[in-house]
Amino acid sequence: VFIYGYFIRISGSIIGGEFVIDMTTISSTDIESEEGRESLDKHLKSNDFFEVDTYPNATLVITNVYYETPTRLKVSANLTIKGITKAINFRGEANYDKKEMSIRFKIDRTLWGITYNSKEVEGKLKDGLISDAIEFEVLLSLWFYLKVIEVSFLVTFNSIVLPNTKALFSFSWPAGILNAIGKS
């Protein structure tokens, strides 16, 4: 479950953003037995995996977006899990009619210190090992809730200088419109 998230847009194009995930809500969806599901969920939240008592949140900060097509994006981001931040890359598909973006990516969990029964750490020939790959499938809402945020900066706007402006990040530039979205 996301605690909050936002995108930053310039001239209608996403250029960045940040999303905070509540790791205490981790739940497995591929085990039919309620008892088995509860046991796995508890184990995933333990010190063997995500240590949610110590690290209740994970963050994804989008640092760069390249548009392959108007709806297909190549995204670079920093993913923080268990207090460890690593750069990742993935592709996203935006559906502006539905105001959604779907993303899918895999990470090597050992890079974030999650080494319990790791094939890489424990040895590839040992039975009962768990894959080091964690796959994420995420559907993000592109609904933009504008919020006034305080910003101190110097802006030149058609030869008018506005120092230390509190702005809703929506002003016209000669080259287009800047729409930076505040945290909602």
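What counts, and where the lines are drawn
Residues numbered from 1 in each chain as written. Predicted model: local features only at pLDDT ≥ 70, side-chain atom pairs only at ≥ 80, totals over all residues. Heavy atoms only, no water. Helix = DSSP H or I, 4+ residues; strand = E, 2+ residues; numbered from the N terminus. Polar contact = N/O pair within 3.5 Å; in protein donor to acceptor, adjacent residues only side chain to side chain. Buried < 20%, exposed > 50% of the residue type's maximum accessible area, 1.4 Å probe, protein only. Pairing = 2+ DSSP bridges.

**Description of the environment of Thr24**
Part 1 of the argument: Structurally, Thr24 can be placed in the loop between β2 (13-22) and α1 (34-45).
Part 2 of the argument: Between the alpha carbons of Thr24 and Lys42 there is a distance of 9.7 Å; along the sequence they are 18 residues apart.
Part 3 of the argument: A distance of 2.5 Å separates a polar atom in the side chain of Thr24 from a polar atom in the side chain of Asp22.

**Re unusual backbone geometry**
Part 1 of the argument: Positive phi is not limited to glycine here, since Lys82 has a value of about 55 degrees.
Part 2 of the argument: Mapping Lys82 onto the fold places it in the loop between β4 (72-81) and β5 (84-95).
Part 3 of the argument: In this structure Lys82 comes out as buried when scored by relative accessible area, which is 10%.
Part 4 of the argument: Of note in this structure, Asn117 is not a glycine but carries a positive phi near 50 degrees.
Part 5 of the argument: Position of Asn117 relative to the elements: it lies in the loop between β6 (100-108) and α2 (119-122).
Part 6 of the argument: The exposure class assigned to Asn117 is partly exposed, which follows from its relative accessible area of 21%.

**Focus: the pairing of strand β3 (residues 57-67)**
Part 1 of the argument: Alignment of β2 against β3, held across six bridges, turns out to be antiparallel. Bridge pairing links Phe19 to Leu60 in β3.
Part 2 of the argument: Pairing of β3 with β4, which is carried by eight bridges, proceeds in the antiparallel orientation. Paired with Tyr67 across the two strands is Leu73, which belongs to β4.

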